[in-house]
Amino acid sequence: MTVKLLVPDIGDFEKVEVIELLVKEGQQIKKNDPVVTIESDKSSVEIPSTFSGKIESIKVKVGDKVSKGDLILNISNSNQSSSTSKVIPKDTENLIQEAENALKKTQEHKPQIKKKEKPEIIQVVKGGDIDPLETNEWLESLSAVIEKDGNQRAHYLIKELINEAYMEGVNIPYTQNTPYINTIPVNAEKKSSGDQNIERRIRSLIRWNAAAMVVRANKKFPELGGHIGTFASAATLYDVGMNHFWRAKNNKFGGDLVYFQGHSAPGMYARAFLEGRLNEKQLDSFRQEVNPGGLSSYPHPWLMPNFWQFPTVSMGLGPMLAIYQARYMKYLINRGLIKDEGRKVWAFLGDGEMDEPESLGAIGLAAREKLDNLIFVVNCNLQRLDGPVRGNGKIIQELEGIFRGAGWNVIKVIWGSYWDSLLANDKTGHLVKVMNETVDGEYQAMKARDGAYVREKFFGKYPETNELVSSLSDKDIWRLNRGGHDPHKVFAAYDKASKNVGSPTVVIAKTIKGYGMGKGGESVNTTHQTKKLDIDDLMYYRDRFDVPLTDQQVKNIEYYKPDQNSPEIKYIKEKRLQLGGFIPERTTYAKPIKAPPKDIFDNMKVSTGTKEMSTTMALVRMLTNLLRDKNVAPRLVPIIPDEARTFGMEGFFQKIGIYAHEGQKYEPEDSAQLSSYREEKSGQVLEEGINEAGAMSSWIAAGTSYTNHDIEMIPIYLFYSMFGFQRIGDFAWAGADSQSRGFLIGATAGRTTLAGEGLQHQDGHSHLLASTIPNCVSYDPTFHYELAVIFREGLRRMHEKKENVFFYITTMNENYSHPSMPKDKSCEEGILKGMYKIKEFNKYKKTKIQFLGSGAILREMIAGAEILQKEYQIDSEVWSVTSFNELRRDGLEVERFNLLNPDKEPKKSYVEKCLGKTEGPILAASDYMRMNSDQIRPYVNKSFYSLGTDGFGRSDTRKNLRKFFEVDKEHVVAYGLSILAKEQLIASKYAKEAIKKYKIDSDKPMPTKL
Ligand SMILES: Cc1ncc(C[n+]2csc(CCOP(=O)(O)OP(=O)(O)O)c2C)c(N)n1
Ligand SMILES: [Mg+2]
């Protein structure tokens, strides 16, 4: 039987050009194999076959224009039915069925609720309880249920009660908060198998060495700084993880990923010292990194590439990066690229840090995507840099509400074990009442004082609580510890967190900032910045933690490391051995990705003829081709913040699917269309929604896959160029520090290509921002072959040669035809180095000018040069500058070499090599601020002028915008003549005439002032 493959519904488009035939007559194909590629003026899409069989005849050819329903080809021997017939997907059908059954059941079983007369007046009594006896009966029933049938049953009953109340019209304001006590009751605490005594001794040594390291550094050089108080508050939180939970990467396991709080770094170094990974000399080089071997102030993979994995110290980045890391881990698993080994992502965060919008900005995603591989630990020491995080409130309760509301599993670790018996004896509930009523400012102040103060200000609030502690001495009261300093409580919390299924977990632990620092800085507002401890403070610290050092050793601020064979060192090593190795440690065993076939790029080196397209579209075409390469295709991670349609990438939805951890539970509205919105568990596109910070976090996760997951991936994040570096600059910096490899594509780039969008969309500076990042290689190509050469080089450098750079490429949305790549052999080299000669006008051999054009403005320069030749008999050479940034980098390096080697033959910068022997002055321009092209000024020994788009953008036609910013071909001509006049190469009257001719208003203010 012969079946006909017709052009499917392609949305709003008609008469779309066939640009590629992907099959031949006689070929055997399978259902879903792509057969042709069609291209509108915005995007290109492959049409897949809806049948299997042998192709009898192909009815279209390249260049044909097709619309919905046109015949593409005939296929024989097919027994498949067309996919265009609307069949409800199996999943959807099941879901509907399930929902209907459930509805039926609830209707059948639901007992009829008799509407009761509601009392008109609701009695409100002070204290909230109008009938304590009745309350007690309810509470006792609840206790009985918990005892008999367990927590789950109690939870169920309460939920039913709330639902019932709601159905009856009682709108109970739902509270996300629980009392100010630990989430895990004492009887449910899982006990640690560790040796508590030895662990305490180890922790004390780590505490001491961490503090000593900071104090020693500052004694030597007071300017170095550092923090003691943060790690002091977090030591137990880290130690329990290190001894019992965090599994390292090795040849059997991928490893848990731990995001350490940036300024707790001294604690990690101090542990590594005991583990034998760092030596005393290295500790003494804390914050002195200029000479090799120094330890970086904070976690910086760039500076300590074998140690740190995640840069976190810019507050707020860690939480988001960790969330997207956990999500990306699931993405790799769901795409079948890594095994599901139950790996976890842990992130340590400060309570002050939680005020960063980014910190909480993605917690919804973590819950929505059920990231049970993610654990946040928020160290609530109640303080940030200046003072209390919430003096008048309670940060723990606030965070509990926010996280629980977002769908997280919340574990509060507020009180240590010394409180257990007090809480058990709190029959009247007054202790919990005081705990609930006391604000953080008070909690902080209490820990800055002593036991007597706590007795008076805390327990003294009610006679019942005073009575509770009547048999305790002030010293006993002082010993009542906080949850985050109690290894038992922390262990129980981590154990529960790591076993939680179906949601992310946040452990909210209460601690004391500067714990153990005594008068020198415990719980005082200045704790954060304490970096020097005097001898008395050090003695106190030693005694507080029983560090076995003599007074003299304390005075010398000596480190303490027990002997290799001591029980402490043996224990610490043994524990890490059991957990697979040391943490943190940064390694990579990823294999390079095999280069894709050359013809993918060579196709882009021939002219597009009359066909016009934007470089954004050329890029998408190229990606479509790369998706056909078996090596590269699975490694591509296209990332888009809700702009796929803007960039003509909607074809990717069908082709590779949008990643959705639960697949697609609905039939998309456009299911009959070729580019239907297809979500899939193994989908490849990360469609991030309107969320540049999230998209960038995904890009960083994918860009560091080679180290965190030992698989080289190629992230390509496409965004409106204005919403790139400017919007998420700090993430880009962290991505660079992380040594991310991948492509950032600033699409619809430039100040004047994006005509109608106006001031907030038109980017005239992203290249300058990109230039601030040392390992960011940026390009502003004009033609498709330049893009191809650059992209291929990016793949080669990053993913074959494993160079730790990333590429920023701007692509435009302006359509024009693209010429063939010049035959000159050095062209490719020039494209990559930053400039090459693209055109030469050499007819008159009298007067000459050099034009340097970049990106969108190169074509204006070529047009200007043509006018100059035709109408003014002026010759020129036109250079395509693909990267002023790269040219400057080369110039800087050469200049430095020459200055440092005055006796050697001077080297020539690449700019000088290109322009040194040319004739005439230089005019350079781009669609960016003049500063972009001005970057190479020092490396040319000629008169140099530049044009650019300095100032605020605004909406108008592209033509008007270029006129406004004085970068159109008319301005190129007028300015060109003026420059030649100034250089006394022609008479000024020509320039004057041109200014008049092109109606250029010389009195118009600079665009920066408009
Ligand atoms: C984005 C950013 N802003 C400011 C700082 C400076 N800074 C470093 S630590 C800190 C206070 C941190 O308080 P918190 O998060 O509560 O951590 P803690 O030290 O109390 O554990 C500040 C303001 C920073 N590192 N990053
Ligand atoms: Mg804090």
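See the structure shown above.
Treat the numbers as computed from the prediction; the structure is a model and nothing was measured. (Residues numbered from 1 in each chain as written. Chains lettered and ligands numbered in written order. Predicted model: local features only at pLDDT ≥ 70, side-chain atom pairs only at ≥ 80, totals over all residues. Heavy atoms only, no water.)

## Focus: the overall build of the chain
When helices and strands are counted, the chain shows 37 helices and 28 strands. In terms of overall dimensions, the chain is globule-like: its C-alpha atoms have a radius of gyration of 34 Å, near the 30 Å expected for 1010 residues. Seen along its three principal axes, the alpha-carbon backbone of the chain occupies a region of about 105 × 85 × 60 Å. Within the chain, buried positions represent 55% of all 1010 residues. Partitioning the contacts of the chain with sequence separation of at least 6, the portion at a separation of at least 24 is 76%. A total accessible area of about 44,900 Å² is found for the chain, and carbon and sulfur atoms account for 51% of it. (Helix = DSSP H or I, 4+ residues; strand = E, 2+ residues; numbered from the N terminus. Rg over C-alpha atoms; globule rule 2.2 N^0.38 Å. Buried < 20%, exposed > 50% of the residue type's maximum accessible area, 1.4 Å probe, protein only. Contact = heavy atoms within 4.5 Å. Areas by Shrake-Rupley, 256 points an atom, 1.4 Å probe, with all protein chains shown as cover.)

## Concerning the sheet that holds strand β2 (residues 16-21)
Taken in spatial order, the four strands of this open sheet run β5-β4-β2-β7, and their pairing is antiparallel. Two strands close off the open sheet at either side, each with one partner strand: β5 (44-48) and β7 (65-66). Across the sheet, helix α23 (residues 615-626) lies against β2, β4 (34-39) and β5, angled at about 30 degrees from β5, the strand it touches most. (Pairing = 2+ DSSP bridges. Axes fitted to C-alpha atoms, helices over the stretch in contact; angles between N-to-C directions.)

## Details of the sheet that holds strand β15 (residues 636-640)
Strand order in the open sheet formed by six strands is β18-β15-β19-β20-β22-β21, and the pairing between neighbours is parallel. Edge positions in the sheet fall to β18 (686-687) and β21 (776-779), since each of these pairs with one other strand and no more. Across four bridges, the pairing between β15 and strand β19 (residues 714-720) is parallel. Looking at the pairing, Ile639 lines up with Tyr717 of β19. Strand contacts of helix α25 (residues 692-703): β15, β18, β19, β20 (743-747) and β22 (806-810), with the helix running at about 160 degrees to β19, the strand carrying the most contacts. Across the sheet, helix α29 (residues 784-800) lies against β19, β20, β21 and β22, angled at about 165 degrees from β22, the strand it touches most.

## Let's talk about the side chain of Asp239
One can find Asp239 in helix α5 (residues 229-245). Sequence-distant contacts of Asp239, that is, excluding residues within four places in its chain, are made with Glu199, Ile202, Arg203, Ile206 and Arg271.

## As for the site of ligand 1
Around ligand 1, a shell composed of 17 residues is seen, among which Thr230, His263, Asp351, Gly352 and Lys513 lie nearest. Asp351 has a polar side-chain atom sitting 2.8 Å from an oxygen atom of ligand 1. Interatomic distance of 3.0 Å between a side-chain N/O atom of Asn381 and an oxygen atom of ligand 1. In isolation ligand 1 has 590 Å² of accessible area, and contact with the protein removes 75% of it. Considered class by class, the residues forming the shell around ligand 1 number three nonpolar, nine polar and five charged. (Near = heavy atom within 4 Å. Polar contact = N/O pair within 3.5 Å; in protein donor to acceptor, adjacent residues only side chain to side chain. Nonpolar A, V, L, I, M, F, W, Y, C, P; charged D, E, K, R; others polar.)

## Thoughts on the nonpolar core
Counting residues in hydrophobic clusters, the biggest one holds 170 residues, and the most contacted among them are Ile323, Phe376 and Phe791. Counting residues per element, this core draws most heavily on helix α8 (residues 317-334), which supplies 11 residues. Non-local contacts of Phe791, meaning those with residues more than four positions away in its chain, are made with Phe601, Leu619, Met622, Leu623, Leu626, Ile716, Phe743 and Ile809. Of all hydrophobic cores here, the second largest spans 73 residues; its members include Phe231, Ala265, Ile411 and Ala497. (Core = buried A, V, L, I, M, F, W, Y, C linked by side-chain atoms within 4.5 Å.)

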